[in-house]
Amino acid sequence: MNKNYKENIKNRFKGKSLEEYQAKKELDIKEYKVEENSELLKYLIEKLHFSRNTAKSLLSHKLISIDGAPVSQFDFKLSKGDSLIISKKPIRRKARKDLPIIFEDKDIIAINKPYGLLSVASDKEKSSTAYRMVMDYVQAKDKHNRVFVVHRLDKETSGVLIFAKNEKIKEEFQNDRNNLVTKRGYYAVVEGVMDKKEMHIENYLKMNSLNLMYVSSSKDKNAQKCITEYKVLKENDKYSLLDVNIFTGRKNQIRVTLGSLGHFVLGDDKYGEPENPIGRLCLHAYELDIKNPFTGKLYKLSSKIPEEFEKLLKSGNISKSANRNIRKK
């Protein structure tokens, strides 16, 4: 331990207890869930009861963000369900020249989300998110632009992630997801060799007190039905590369379902204790097929398989059809 550690802590607390210091630190931000559509300044005054001068000061000093994305315009359009965050320190927009955009039009924007990046803000992380990156990008074009969350990928999962560019599109996807989303394809590398090379699985998942999912009984009223299919694309004596399609969007669906078969996804530190040979969860959302609810336009959004996944199976056996399936992504 650094010999100055205790002295540094003492100076930092300035006579406060550890509990008092942590409590003060937690006040660095305040978060409010937006209850109705409104303009930002109006909401700050009428719903959060700030004075007009205080509300304007918060905005002019860049202390306001929506789900971690900074906003400063008085007439910014809030949407019900937004997380309005007030910080003690200014939040600046960042230039996003290297945003991994797959597709963009007037209604949606799709990116290839890197692994290790949150889709949206969490209790512990507010600003380092895919949502923040995309908001910075669209607002660089017009400060009144914004995006809306349509779906999410786990922090450890990479691949196709889309955001709506207007509220009507967002609402349609939320209300009619089953008819508008026609495919959700993932690549997963799991431990071991699968006994069945193709399988259709219907099970029921439930969350425990630690917020972890597990396979439950169909008779449990609180369990959610879960439908998953997989096909082995490549395998060796240690690992199997799977093409997984899901027909329900349950939390950690793929990880829990495959783990229940005794084949955990490599790098998964939440379920089982599989190997972690490449320092990440081996799960990648390679395709998302959706239909525009207003124009009928079909989007086939895809992302290539991560090279490190293929390297894990370099010495494995692979069929010609499976090879074509991998290479075309």
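Anything mentioned here points back to the structure above.
Within every chain, residues take consecutive numbers counted from 1 along the sequence as written. With the structure being a predicted model, the display of local features is reserved for residues of pLDDT at least 70 and the display and counting of side-chain atom pairs for 80 or more, all residues being used for whole-chain, interface and lining totals. Values reported for side chains reflect all heavy atoms of the structure, with hydrogen atoms and water molecules removed beforehand.

### Thoughts on the packing of aromatic side chains
And then number 1: Any two rings among Phe, Tyr and Trp, with Trp reduced to its six-membered ring, count as a pair given centres within 6.5 Å; such a pair is stacked if its planes are under 30 degrees apart, edge-to-face if over 60, and tilted if neither. If you walk through the whole model with that rule in mind, you get 3 aromatic pairs.
And then number 2: Taking the centre distance of 6.0 Å and the plane angle of 65° together, the rings of Tyr-131 and Phe-163 count as edge-to-face. Of the two residues, Tyr-131 sits in helix α5 (residues 130-141) while Phe-163 sits in strand β10 (residues 158-164), which places them 32 residues apart along the sequence.
And then number 3: Ring centres of Tyr-187 and Tyr-286 lie 4.2 Å apart, and the angle between their planes is 25°; this geometry places the pair in the stacked category. You can see Tyr-187 sitting in strand β11 (residues 181-191) and its partner Tyr-286 sitting in strand β16 (residues 283-291), a full 99 residues away along the chain.
And then number 4: On the basis of relative accessible area, Tyr-187 is assigned to the buried category, the value being 0%.
And then number 5: Over a ring means this: the NZ of a Lys or the CZ of an Arg is within 6 Å of the ring centre and within 35 degrees of the ring normal. Over the ring of Phe-148 we find Arg-146; its NZ or CZ atom is 4.1 Å from the centre of that ring. Secondary structure counts use DSSP, requiring at least four H or I residues in a row for a helix and at least two E residues in a row for a strand, with both numbered from the N terminus. Partly exposed residues are those whose accessible area sits between 20% and 50% of the maximum for their type, while under 20% is buried and over 50% is exposed, using a 1.4 Å probe and protein chains only.

### Notes on the environment of Val-149
And then number 1: Within the secondary structure, Val-149 sits in strand β9 (residues 148-149).
And then number 2: For the pair formed by Val-149 and Glu-171, sequence separation is 22 residues and the distance between their alpha carbons is 9.9 Å.

### Remarks on the side chain of Lys-170
And then number 1: Relative to the helices and strands, Lys-170 resides in helix α6 (residues 167-175).
And then number 2: Comment: no salt bridge for buried Lys-170; closest opposite-charge side chain is Glu-167, at 4.0 Å.
And then number 3: Excluding anything up to four places from it in sequence, Lys-170 contacts Ser-79, Lys-80, Phe-148, Val-149 and Ala-164. Lys and Arg are tallied as positive, Asp and Glu as negative. Neither His nor the chain termini are counted. Salt-bridge detection follows one rule: a side-chain nitrogen of Lys or Arg within 4 Å of a carboxyl oxygen of Asp or Glu. The criterion used for residue contact is that any of the two residues' heavy atoms lie within 4.5 Å.

### Section: unusual backbone geometry
And then number 1: Look at Asn-211: it is not a glycine, yet its phi comes out positive at around 65°.
And then number 2: In this structure, Asn-211 sits in the loop between β12 (198-207) and β13 (213-216).
And then number 3: By relative accessible area, Asn-211 is classed as partly exposed at 44%.
And then number 4: With a phi angle near 55°, Asn-252 is a residue other than glycine that sits in the positive phi range.
And then number 5: Looking at where Asn-252 falls in the secondary structure, it is placed in the loop between β15 (239-246) and α8 (253-260).

### Structural notes on the pattern of salt bridges
And then number 1: Under the criterion given, the structure shown has 19 salt bridges.
And then number 2: Between Lys-300 and Glu-287 there is a salt bridge, and its shortest N-O distance comes to 2.7 Å. Taken together, the residues span a long stretch of sequence, with Lys-300 in strand β17 (residues 298-302) and Glu-287 in strand β16 at a distance of 13 residues.
And then number 3: Accessibility expressed as a relative area gives 61% for Lys-300, which makes it exposed.

### Focus on α5
And then number 1: By this rule, a helix spans an expected 1.5 Å times one less than how many residues it contains. The end-to-end C-alpha distance of α5, which contains 12 residues, comes to 18 Å, matching closely the 16 Å that a straight helix rising 1.5 Å per residue would cover.
And then number 2: Of all 12 residues in α5, 10 are buried, a share of seventy percent or more.
And then number 3: All of the buried residues in α5 are Ala-130, Tyr-131, Arg-132, Met-133, Val-134, Met-135, Asp-136, Tyr-137, Val-138 and Gln-139.
And then number 4: Lining the buried residues of α5 we find β3 (64-66), β4 (69-70), β7 (101-104), β8 (108-113), β9 and β10.

### With respect to the pairing of β8
Remark: a regular strand shows side chains that alternate across the two faces of the sheet.
And then number 1: β8 sits mainly inside the fold: 5 of its 6 residues count as buried.
And then number 2: Strands pair, by our definition, only if DSSP identifies at least two bridges between them. Looking at chain direction, β7 and β8 are connected through 3 bridges and run antiparallel. Residue pairing in the sheet places Ile-101 in a bridge with Ile-111 of β8.
And then number 3: In sequence, β7 turns back onto β8 through a hairpin of 3 residues.
And then number 4: Bridge analysis of β8 against β10 gives 6 bridges, and the strand direction is antiparallel. Bridge assignment links Asn-112 to a residue of β10, and that residue is Val-160.

### Some remarks on the environment of Arg-152
And then number 1: Along the chain, Arg-152 turns up in the loop between β9 and β10.
And then number 2: What makes Arg-152 exposed here is its relative accessible area of 59%.
And then number 3: Look past the residues within four positions of Arg-152 in its chain and what remains in contact with it is Ser-119, Val-120 and Leu-161.

### A word on the sheet that holds β4
And then number 1: Ordered in space as β1-β6-β3-β4, the 4 strands form an open sheet in which the pairing is antiparallel. The open sheet is flanked by β1 (29-33) and β4, the only strands paired with a single partner.

### A word on the nonpolar core
And then number 1: Working definition of a nonpolar core: buried Ala, Val, Leu, Ile, Met, Phe, Trp, Tyr and Cys residues. They are joined through side-chain atoms within 4.5 Å. Leu-40, Ile-64, Leu-84, Val-189, Val-244 and Leu-258 are the most contacted members of the largest nonpolar core, which has 62 residues in total.
And then number 2: Broken down by element, this core gets its largest block of residues, 7 residues, from α5.
And then number 3: Leu-258 has contacts with Ala-188, Val-190, Tyr-230, Leu-242, Val-244, His-263, Phe-264 and Val-265, leaving out every residue within four places of it along the chain.
And then number 4: Counting residues in hydrophobic clusters, the runner-up holds 15 residues, among them Ile-108, Val-160, Ala-164 and Tyr-299.

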